[in-house]
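So the chains spell out like this:
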Amino acid sequence: MKKRVLAIFLVMCGLMMVVAVVFADLKKGYYRPAELGSLRQTALIELSPDSNYQVSAYPVPGADLVPGDGRQEVQTYCNTCHSPIYVTMQPPLPAATWEAEVNKMNKAYGAAIPEDTTQKIIRYLQAHYTVENRTP
Amino acid sequence: MSVADRSFSRRGIFKALGVMTGGITLGRWLGSSAVAAQEPVQTKAIETFTGPGANPHWNSVGPYVAEPQKVPLILLTDRPVQLETPRHYFRTAFTPNEAFYVRWHLEGIPNTVDLKDWKLQIEGNVNNPLALSLPELMQKFKPVSLAAVNQCSGNSRSRLQPRVPGGQWGNGAMGNAMWTGVRLRALLEVAGVKSDSLQVQFQGLENGQGPKGLGSNLFLKSLDLGNPVLDECIVAYLMNGEPLPMLNGFPVRLVVPGYFATYWTKSLTWIRVLNSPDENFWMKTAYRIPDTPRGNTNPEDMKAGKVKTVPIERLPVRSFLIWPDGTSKIPAGMNIRLQGIAFSGFGRVNRVEVSEDGGKTWLPAELGEDHGPYSFRTWGMSWTAKSQGRHTLAVRATDEKGIVQPDEPVWNAGGYLWNMIERQEIVVGKAS
């Protein structure tokens, strides 16, 4: 009888240990590598009690435009009024929409991009930012 | 048995073997290598863009960015600056200034304002042009306070099908604040509006690189002098009892209660009375909606030139479930509190309802404190998932004009006026 109780006790202990080990490993201690300071805090700027109300420069993280013929022109001309993130933020758009957008910059906003450059920019956007060819 | 369950028991067998054949150390060693090979929680960043389908997320998908006077907000664009407020900041009726969304049109926005030089000019077709310093605004005019929602015309633009170009906002291009300042009408009275005047135009400190006379040079908005909304407008120097953050329009901005944010000129410096209609780009071409019910149309009619447009005005009724937000499971049988906000530019929200059967039946939620007709109104409802599984909750609001939030999408070329009923999937797990 005592032997049986002892045996049951040992089996129970064994089971508990198995359960403890299994759960401990699944439940705790998962970490992953990450980039240090991927979003750093900004330092306070010096405040003086004069009539100037100032904030620091606005950050421009920029955007990765797909390499290709016309990228340089987008970076140069479009960047006058807005950063290239205005391109990468968009959903994939039909080729005709990209053409209309670039023409709007010239006509409505007075971008005055030379005609051949305008066509090059349109071709670049149509080659990389439509439903058919946009890559993540 | 799910895939996850199967791998779990395989590991269990492994561990049991380890214990039997020589103890815990070996078991742990075998166990951890098995675990490392099948990490149960995959961490990955959100996609960098959405489309051609609708953005499936509550917010837009950009990275976080730390801008001056702001907590990390979701970046839409960096120059000019457009930032979206993350969902969880909408748990309260008033949106914290440091989390309030940002939308500028032109890249020349102020980093510095010298209050020694800054004056609010009231000019144009008036008898006594004025130039008022901030102390004059604060002391010579009776301060008034009003809670009002500021929502971008293009809020939720990323929901539209087909997608339209523009700022690809999720739902976070909105915020509610207690605005304190001077009545616009009081300023106009002192300046003496001439009788042949038609509109009043607003200009802030922002300007762009474009040629003079075009929309890329100045951002100008106007309202008709006969528009009753002018009686409610405030030139605000306080936002939630604090000076306005630079990115939200320090030192003063126009508050147009019930109207979309396009009229809420930031860093307002020129109030100009006009005796002819304002035909600048931002009135004549941009921020216009189809003159149809809900501003709804389709790409075909648009292309065919069949669509007459009018300037955008008031905010259609909307409501949101803020929590639960779908980021974690709810144990079955647990009684939780659904929390959200609702608003309308046509008058106060007086009913918010929740449906868990796809809109067949609706249960009333409890409304939070009434901060006035143009404020966010919080709502809450205690809710218990009857069964484990995937539940979809829908929320709709009704305003005091009796306008019920619709369950149909909107489409127009500008990507404006989205106010379709929002839905949230809630995963309810087994509790035992």
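In what follows, the structure referred to is the one given above.
Residues numbered from 1 in each chain as written. Chains lettered and ligands numbered in written order. Predicted model: local features only at pLDDT ≥ 70, side-chain atom pairs only at ≥ 80, totals over all residues. Heavy atoms only, no water.

Our next topic: the environment of L130 of chain B. All names here are of chain B. Locating L130 in the fold gives a position in strand β7 (residues 130-132). Take L130: its relative accessible area is 17%, and that puts it in the buried class. For the pair L130 and K119, spaced 11 residues apart in sequence, the C-alpha to C-alpha distance is 9.0 Å. Apart from the residues lying within four places of it in its own chain, the contact partners of L130 are L120, Q121, I122, L187, V190 and A191. (Helix = DSSP H or I, 4+ residues; strand = E, 2+ residues; numbered from the N terminus. Buried < 20%, exposed > 50% of the residue type's maximum accessible area, 1.4 Å probe, protein only. Contact = heavy atoms within 4.5 Å.)

Right, let's talk about the environment of L65 of chain A for a bit. Residues and elements named next belong to chain A. Here L65 is to be found in the loop between β1 (52-54) and α2 (71-77). A relative accessible area of 4% means that L65 is categorised as buried. With residues up to four places along the chain from it excluded, the contact list for L65 reads R71, V74, Q75, P84, V87, T88, Y124 and Y129.

Trans is the common state for peptide bonds, and a negative phi is the common state for residues other than glycine. Residue and element names in this part refer to chain B. Here the amide bond leading from Q161 into P162 is cis, since omega sits at -5°, within 30 degrees of zero. Here P162 shows up in the loop between β8 (144-151) and β9 (174-183). Cis geometry marks the peptide bond from W323 to P324, where omega comes out at 0°. Within the secondary structure layout, P324 lies in the loop between β17 (318-323) and β18 (330-331). One non-glycine residue, S156, lies in positive phi territory at about 70°. Topologically, S156 is positioned in the loop between β8 and β9. One non-glycine residue, N240, lies in the positive phi region at around 55°.

What follows deals with the packing of helix α4 (residues 95-107) of chain A against helix α5 (residues 115-128) of chain A. All names here are of chain A. Taken N-terminus to C-terminus, the directions of α4 and α5 make an angle of 145°; their axes are 9 Å apart at the nearest point. Handedness of the α4/α5 crossing: right-handed. Only T118, I121, I122, L125 and Q126 of α5 make contact with α4, whose side of the interface consists of A95, A96, W98, E99, V102, N103 and N106. (Axes fitted to C-alpha atoms, helices over the stretch in contact; angles between N-to-C directions. Left-handed = near helix turned anticlockwise from the far one by under 90°.)

Most often, soluble globular proteins have nonpolar side chains that are buried together. Residue and element names in this part refer to chain B. Core analysis: the biggest nonpolar cluster contains 92 residues, and W179, L187, L223, V235, V256 and I271 have the highest contact counts within it. It is strand β12 (residues 234-239) that contributes the most residues to this core, five residues altogether. Leave out the neighbours within four places in its chain, and V256 touches L223, V229, C233, Y263 and W264. If you look at the next biggest cluster of nonpolar residues, it comprises 19 residues, including L321, V349, V354 and L393. (Core = buried A, V, L, I, M, F, W, Y, C linked by side-chain atoms within 4.5 Å.)

Here we take up the sheet that holds strand β24 (residues 389-399) of chain B. The strand order across the open sheet built from five strands is β18-β25-β24-β20-β21 (chain B), with neighbouring strands paired in mixed fashion. The open sheet has two edge strands with one neighbour each: β18 and β21 (363-364) of chain B. (Pairing = 2+ DSSP bridges.)

Of the residues lining the interface, 47 residues belong to chain A; the matching set on chain B comes to 60 residues. Between chain A and chain B the total buried area reaches about 4,600 Å² when both faces are included, carbon and sulfur atoms providing 67% of it. The largest share of the area that chain A buries against chain B comes from Y53, Y58 and Y109 of chain A, three residues that together contribute 15% of it. The interface formed by chain A and chain B includes zero salt bridges. Mapped onto the side of chain A that touches chain B, the elements with two or more residues apiece are α1 (2-27), β1, α3 (85-88) and α4 of chain A. At eight residues, the largest contribution of residues to the side of chain A that touches chain B is made by α1 of chain A. Across the side of chain A that touches chain B, the residue classes break down as 27 nonpolar, 15 polar and five charged. (Buried area = accessible area lost by both parts, 1.4 Å probe. Salt bridge = Lys/Arg side-chain N within 4 Å of Asp/Glu carboxyl O. Nonpolar A, V, L, I, M, F, W, Y, C, P; charged D, E, K, R; others polar.)

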